[in-house]
Amino acid sequence: MATSLGKASPPSDDKRWKIVAGTMRRHGYSRNALIETLHTVQKSFGYLDRESLRFVAHSLRVPLSKAFGVATFYHFFTLKPPGEHACIVCLGTACYIKGAPQLLTEVEKSFGIKPGETTPDGRVSVLTARCVGSCSFAPVALFDGDVAGKLGAPEMAARLRRWDRP
Amino acid sequence: MTPDQLSQIEADETASRQRIRHRLNVCLAAGCLSLNSDAIKKSLEAIVAERPLTESCQVKAVGCMGLCSRGPLVSVEPSGTLYQGVKSADSPEIIEHLSAGPVERLEISRQVPFFQRQVNVVLENSGRIDPERIEEYVAAEGYQALVQALTEMTPAEVIDQVSRSGLRGRGGAGYPTGLKWGTVAKAAGAPKYVICNADEGDPGAFMDRSVLESDPQRVLEGMIIAGYAVGASRGYIYVRAEYPLAITRLSTAIRQAKHLGLLGTQICNTEFDFDIDLRLGAGAFVCGEETALIASIEGRRGAPRPRPPYPAQSGLFSSPTLINNVETLANVPTIIRKGGDWYAGLGTAKSKGTKVFALTGKINCTGLIEVPMGMTLREIIFDVGGGVPEGHKFKAVQTGGPSGGCIPEQLLDMPVDYDSLAQAGSIMGSGGMIVMDDSSCMVDVAKYFMEFCMSESCGKCIPCRAGTAQMYDLLANISEGKASLGDLNMLEDLCDMVKHTSLCGLGQSAPNPVVSTLCHFRDEYLSHIEDQRCPAGVCPCSPPEVLS
């Protein structure tokens, strides 16, 4: 089935698909734009789902298997919807030797979730990062994007508890 | 943009600066920003706006001043006063003291080894100029090198200066930059590309991030000069998606450079056209490897391919491609402006110039430093870095990230250059230096890096994919006190096999942390295996501590 350039129709009439289409158009619907486009999808929707991968793959004329391969190869992309709030614990070397593992133990103890998981009520996701580059303040975690440095386990639990209750 | 117009911008900027009596520079690089330095800037601005000072006092955002551990940092010009640990509440006092001498309780002397022992080339503007205003970069002699290269030099002369400087790749491998440029310039085929590798993946390293956040124009200028030298008309900066601030500042910098005609067509009224685009990485360490990076820019999985052909012959979109690291390119404008011979006067016989390091871990002054090559590790850690915090003893310094090694106390008097570090079983790497004290276990550190390499292995070649997993299992067993001496032998055999048979640098260097810790801290391994005891008390095999 021949498809004309970029004529795949978006999965829904959600306006965010226009932003995604904009990225593809800016790159002339080139296959090389796959990663750039997936960045836009994740920025707009928070994660990559089956529908969006299908739409992007179709629009850029990339086999779905390749799009899926790229989406799963890179750590930055996530296929699961994130929780309402995200806490990213840095596991860079400086953070590691200054106690980042203890922070994760604390999270597991207090909330019963491991890195990459979301609390059952969907409020809090805990993720890890390879290094966020704030090594001077190790150990570091990002709470919804805000960097908090020189963290101890009690402070970590307290910050998360603030999100726990509405 | 003509040279005259550039001089005009410089003159205007200098004149407007002279009209201002005091300038307050607030660090808004990632480190201080995470300590809310933007709020300090706002409160200073609010006070300045209320007082009739507006004409003679200016508050501005600058990049990293280096001493991140003492942040948030604010400096006052022209007096040169530097304040540490500033809070918004300190703002009124700082402003009251502008004409009355420094606020003593906040002041930190610049007459300390941390500042005195540094030589700044790459970081010369860092913490001094507003990274979001191209005019300030121009006023700091920015883009003079580009004008000089385009109007007075042939591409061959530019390459000659870079070769004479002795500059070697700052991404870690240390390949001579001039030689690389020459190869791409001579390569047949068009178009050619220049790629700036800003995929700083080493955990514990943030040099490139700071340069991009503090002085992005310098990197653009280096890239444009590189493009002119090798005959490319398009460049890409491959930057980590995890560095949002660096991405924002780079985008601003590119827009401003285009606006001034320093990027685009007919730059400086010459026939030379050059454009730069950003490409975001997506969190894959292997993409620091050049062929994997190219695959990623082409929208594919970041899997490396065998070389040759090298990217210089067949790289991005199968065209000749020059790939340089951020810091390498950031050295270029100064080399052209001051001459290759000037640069070659810094450093050692085989490692010229300066190197930026990120000092972190168990050290008093964590932050960013730039020192001449050849300074000893002891000087860097104990003089510049102020040594390890009281009550603990230095054990090792880790350089080169997951591809590097741990260097023990007895080798600290070694000069830091590419060759000495390689001899000690580590590598220069991109410049992360993580200091460890007696509370760190070397087996645990080796396990940490092996876990990293195992999960970052792209899976294309078997030695790396399977070998790192096997080595990780062995290290996990050792750390849990469940291994035998036979396991240790197998670990050593695997190190050798993975090192010599892997496809790319990731696998080839993955055993380094194990080999170097086995070489210098073998007793710690033996203690885990023979006595089921972790001397540092980190690993789970340690018996519970007895309370006295």
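Bear in mind the structure is a predicted one, so any value in this text is a computation, not a measurement.

### Looking at the overall build of chain B
- When you go through chain B residue by residue, the secondary structure sums to 23 helices and 13 strands.
- Taking 2.2 N^0.38 as the reference for a compact globule, 548 residues should give roughly 24 Å; the C-alpha atoms of chain B span a radius of gyration of 24 Å, in line with that estimate.
- Projected onto its principal axes, the C-alpha positions of chain B cover 75 × 65 × 40 Å.
- When each of the 548 residues of chain B is scored for burial, the buried share is 57%.
- Taking the contacts inside chain B whose residues are at least 6 apart along the sequence as the reference set, 74% of them involve residues at least 24 apart.

### Things to note about the interface of chain B and chain A
- Taken residue by residue, the interface counts 34 residues in chain B and 31 residues in chain A.
- Mapped onto the side of chain B that touches chain A, the elements with two or more residues apiece are α2 (30-33), β9 (354-361) and β13 (432-437) of chain B.

### So, the domain arrangement of chain B
Residues and elements named next belong to chain B.
- With domains assigned, chain B is organised as domain 1 (17-110), domain 2 (142-344), domain 3 (354-437) and domain 4 (442-530).
- The gap between the C-alpha centroids of domain 1 and domain 3 is 31 Å.
- Contacts between the two partners involve five residues from domain 1, matched on the other side by five residues from domain 3.
- Class assignment for the residues of the side of domain 1 that touches domain 3 results in three nonpolar, two polar and no charged.

### Notes on the confidence of the model for chain B
- The predicted model of chain B has a mean per-residue pLDDT of 94, with 98% of residues at 70 or higher.
- Model confidence for the complex: the whole-complex pTM is 0.95, and ipTM, which rates the interface, is 0.91.

### What about the nonpolar core?
- Residues Cys90(A), Ile195(B), Ile225(B), Ala226(B) and Leu322(B) are the most contacted members of the largest nonpolar core, which totals 224 residues.
- Ranked by residues supplied to this core, first place goes to helix α18 (residues 442-456) of chain B with ten residues.
- Contact partners of Ile225(B), with chain neighbours within four places excluded, come to Ala145(B), Leu146(B), Ala149(B), Val158(B), Val332(B), Pro333(B) and Ile336(B).

Conventions used here
- Residues numbered from 1 in each chain as written.
- Chains lettered and ligands numbered in written order.
- Predicted model: local features only at pLDDT ≥ 70, side-chain atom pairs only at ≥ 80, totals over all residues.
- Helix = DSSP H or I, 4+ residues; strand = E, 2+ residues; numbered from the N terminus.
- Rg over C-alpha atoms; globule rule 2.2 N^0.38 Å.
- Buried ≥ 20, exposed ≤ 12 C-beta atoms within 10 Å, placed from the backbone.
- Contact = placed C-beta atoms within 7 Å.
- Domains from an automatic or database assignment.
- Nonpolar A, V, L, I, M, F, W, Y, C, P; charged D, E, K, R; others polar.
- pLDDT = per-residue confidence, 0-100.
- Core = buried A, V, L, I, M, F, W, Y, C linked by C-beta atoms within 7 Å.

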